[in-house]
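Per-entry structural report
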Amino acid sequence: MKTELHVPSDLRFLAVVEHWLLDSLQLEIGNVVDWSRQSTRLRLALVEAYSNVVRHAHRDQPNLPVILRLELHDRDLALEIWDCGQGYNPSDYKPPTPEDKQEHGYGWLILNRLMDRVEYCLQVDGRNCLKLEANLPNASVEEDQKVSTVD
């Protein structure tokens, strides 16, 4: 399954973006996945990525579109978030430390913890692309993992 969504750079569209992602996945996969667990993971990653585009890449330019592409094979998903901003160099990222007591700069860390793979490409055809990949485990596999950690 492949689907694409074009939305303005406006945080008011966040609910639209979330519903598009989760509804598309649920339609395709059904109840094979534990949505109570996976939807939280995916929603947080998407909110972080989309809000970064709106607040940083497209700052004060709500007319610039954000393009989201979702591809799903079995339970392996790839989500791309495309923007028209200046771009970000992930090699410049320095993870925050507890001593820093900083309020910002956790996005890259959060994305890498939530997703199985995170990739960022600067200026592909005049746009930047953040690609998030994850495997959505079968609900019965997640149940088995919970039971084994409790024992």
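To keep things clear, this report deals only with the structure shown in the data block. If you're wondering where the values come from, they're calculated on a predicted model, not measured in any experiment. (Residues numbered from 1 in each chain as written. Predicted model: local features only at pLDDT ≥ 70, side-chain atom pairs only at ≥ 80, totals over all residues. Heavy atoms only, no water.)

1. A short note on the sheet that holds strand β5 (residues 127–135)
We count it as follows: Note on pairing: two strands pair once DSSP finds at least 2 bridges between them. Working definition: helices are DSSP H or I runs of at least four residues, strands are E runs of at least two. Numbering for both runs from the N terminus. Axes here refer to lines fitted to C-alpha atoms; in helices the fit is confined to the stretch in contact. Angles between the N-to-C directions go from 0 to 180 degrees.
Strand order in the open sheet made by the 5 strands is β1-β2-β3-β5-β4, with antiparallel pairing throughout. Strands with a single pairing partner mark the edges of an open sheet, and in this sheet they are β1 (2–8) and β4 (117–124). Strand-to-strand twist in this sheet, taken as the mean axis angle between neighbours without regard to direction, amounts to 15 degrees. Relative to strand β3 (residues 76–83), strand β2 (residues 65–73) runs antiparallel, the two sharing 7 bridges. Paired with Glu71 across the two strands is Ala78, which belongs to β3.

2. Section: the layout of surface pockets
Empty space left among the atoms is revealed by rolling a probe the size of a water molecule over them. This is how the line gets drawn: Residues are said to line a cavity or pocket when one of their atoms sits within 4 Å of a point; the points come from a 1 Å grid over protein atoms alone, cavities being sets where a 1.4 Å probe fits but cannot get out and pockets being open sets with protein on both sides within 12 Å along at least five of seven lines. Grid points are joined across faces, edges and corners, and a volume is the space filled by probe spheres set on the points. For this scheme, ten residues count as nonpolar: Ala, Val, Leu, Ile, Met, Phe, Trp, Tyr, Cys and Pro. Four count as charged, namely Asp, Glu, Lys and Arg, and the remainder, Gly too, count as polar.
Counted as a void, the largest pocket has a volume near 590 Å³. Lining the largest pocket are 19 residues; nearest its centre among them are Asn52, Val53, His56, Ala57 and Tyr88. Of all the secondary structure elements, the ones that give two or more residues to the lining of the largest pocket are α2 (35–57) and α3 (107–114). If one sorts the elements of the lining of the largest pocket by residue count, α2 sits on top with 6 residues. Of the residues belonging to the lining of the largest pocket, the class tally is 10 nonpolar, 7 polar and 2 charged.

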